[in-house]
Amino acid sequence: AQSVAQPEDQVNVAEGNPLTVKCTYSVSGNPYLFWYVQYPNRGLQFLLKYITGDNLVKGSYGFEAEFNKSQTSFHLKKPSALVSDSALYFCAVRVYTGGFKTIFGAGTRLFVKA
Amino acid sequence: NAGVMQNPRHLVRRRGQEARLRCSPMKGHSHVYWYRQLPEEGLKFMVYLQKENIIDESGMPKERFSAEFPKEGPSILRIQQVVRGDSAAYFCASSPGTGTSGNTIYFGEGSWLTVV
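Analysis parameters
Residues numbered from 1 in each chain as written. Chains lettered and ligands numbered in written order. Predicted model: local features only at pLDDT ≥ 70, side-chain atom pairs only at ≥ 80, totals over all residues. Heavy atoms only, no water. Helix = DSSP H or I, 4+ residues; strand = E, 2+ residues; numbered from the N terminus. Rg over C-alpha atoms; globule rule 2.2 N^0.38 Å. Buried < 20%, exposed > 50% of the residue type's maximum accessible area, 1.4 Å probe, protein only. Contact = heavy atoms within 4.5 Å. Areas by Shrake-Rupley, 256 points an atom, 1.4 Å probe, with all protein chains shown as cover. Lys, Arg positive; Asp, Glu negative; His and termini not counted. Charge placed at Lys NZ, Arg CZ, Asp CG, Glu CD. Pairing = 2+ DSSP bridges. Axes fitted to C-alpha atoms, helices over the stretch in contact; angles between N-to-C directions. Buried area = accessible area lost by both parts, 1.4 Å probe. Salt bridge = Lys/Arg side-chain N within 4 Å of Asp/Glu carboxyl O. Phe/Tyr/Trp six-rings, centres within 6.5 Å; stacked < 30°, edge-to-face > 60°. Polar contact = N/O pair within 3.5 Å; in protein donor to acceptor, adjacent residues only side chain to side chain.

## Quick word on the overall build of chain A
Item 1. Secondary structure summary: chain A contains zero helices and 12 strands in total.
Item 2. Ordered by position in the sequence, the α and β elements of chain A form the string β-β-β-β-β-β-β-β-β-β-β-β.
Item 3. Taken over the C-alpha trace, chain A has a radius of gyration of 14 Å; the compact-globule value for 114 residues is 13 Å, and the two agree within 12%.
Item 4. Taken over the C-alpha atoms alone, chain A extends approximately 45 × 30 × 20 Å along its principal axes.
Item 5. When each of the 114 residues of chain A is scored for burial, the buried share is 46%.
Item 6. Counting contacts in chain A only where the partners sit at least 6 residues apart, residues at least 24 apart contribute 54% of the total.
Item 7. Roughly 5400 Å² of accessible area belongs to chain A as shown, and the carbon and sulfur atoms make up 50% of that amount.
Item 8. Across chain A, the mean location of the 11 positive side-chain charges is 7 Å away from that of the 7 negative side-chain charges.

## Observations concerning the sheet that holds strand β1 (residues 5–7) of chain B
Strand pairing in a sheet relies on backbone hydrogen bonds, with the paired strands running either antiparallel or parallel.
All names here are of chain B.
Item 1. Across the sheet, four strands lie side by side as β1-β3-β8-β7; this open sheet has antiparallel pairing. Of all the strands in the sheet, just β1 and β7 (65–68) have a single pairing partner and so form its edges. Each strand of the sheet is rotated relative to its neighbour by a mean of 15°, with strand direction disregarded.

## Things to note about the interface of chain A and chain B
Item 1. Between chain A and chain B, the contact holds 23 residues from the first and 25 residues from the second.
Item 2. Carbon and sulfur atoms supply 51% of the area that chain A and chain B bury against each other, a total of about 1900 Å² over both sides.
Item 3. On the surface where chain A and chain B come into contact, there are two salt bridges.
Item 4. Across the pair A:Arg42 and B:Glu109 runs a salt bridge, and its minimum N-O distance is 2.7 Å.

## Re the packing of aromatic side chains
All names here are of chain A.
Item 1. For the structure on display, the rule yields 19 aromatic pairs over all chains.
Item 2. Seen in terms of ring centroids, Tyr25 and Phe67 are 6.0 Å apart; in terms of plane orientation they differ by 20°. Their pairing is stacked. Remark: Phe67 occurs in strand β8 (residues 64–68) and Tyr25 occurs in strand β4 (residues 24–26); sequence separation between them is 42 residues. Phe67 matches Tyr25 in its accessibility class, with the two residues each being buried.

## Thoughts on the side chain of B:Gln37
Item 1. Along the chain, the position of B:Gln37 falls in strand β4 (residues 31–37).
Item 2. Its relative accessible area of 9% is what places B:Gln37 among the buried residues.
Item 3. Among the polar contacts listed, one links the side chain of B:Gln37 to the side chain of A:Gln38, at a separation of 3.0 Å.
Item 4. Apart from the residues lying within four places of it in its own chain, the contact partners of B:Gln37 are A:Gln38, A:Leu88, A:Phe90, B:Gly42, B:Leu43, B:Ala88, B:Ala89 and B:Phe91.

## Some remarks on the pairing of strand β9 (residues 73–78) of chain A
All names here are of chain A.
Item 1. In terms of residue burial, β9 counts as a mostly covered element, since five of its six residues are buried.
Item 2. Both β8 and β9 contribute to a ladder of five bridges, which runs antiparallel. Bridge pairing links Glu66 to His75 in β9.
Item 3. Adjacent in sequence and paired antiparallel, β8 and β9 are bridged by four residues, among which Thr72 carries a positive phi angle near 45°.

These values are about where atoms sit, not about what they do.
Here it is as structure tokens:
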């Protein structure tokens, strides 16, 4: 089955330190991978995506993600975390089921401590 | 350029009533997706629609739930005879046509349904 997994329910990091939120995927064919962020009582906001090309993808708010085909991973990273980065982060993958739909991981809650 | 518009933002229904949630996609988008998010849980795919056509409804409960996206007007997610377990946030997202498989989907702000 095609899926995406986020192995950590929660990530804690101190402000100013680098952060990583992990994501692994299982798809047939080429993966189309996405990261979204959700703040309390809000919809999901698109951060970045990998379709093809450079394995390091840069996105909004200083976030980036590294596509690793051999490890089937697409980890989200930021060199220096901010308290305002505290939110719920979702990894997602586009899968084909007669049309393309996007399925999401369970989410990882990021806490950035001042 | 308006984003995905959902209404109502908050809806309270008594058990047994009907809930109707509406979604207008972004301008130029012809594909609509509905997701459900239960408290402290992830996002679960429900249904994927194009105008007048359901593409994938594999995530829809077999009973009481239906969705449509008519030729004119917004997409509607309808829940009949609501029960307390239907209390959740319902998110709509939209994307352009599937000409590009890597299309990004963009979300509305959600509709929070509370069943009392």
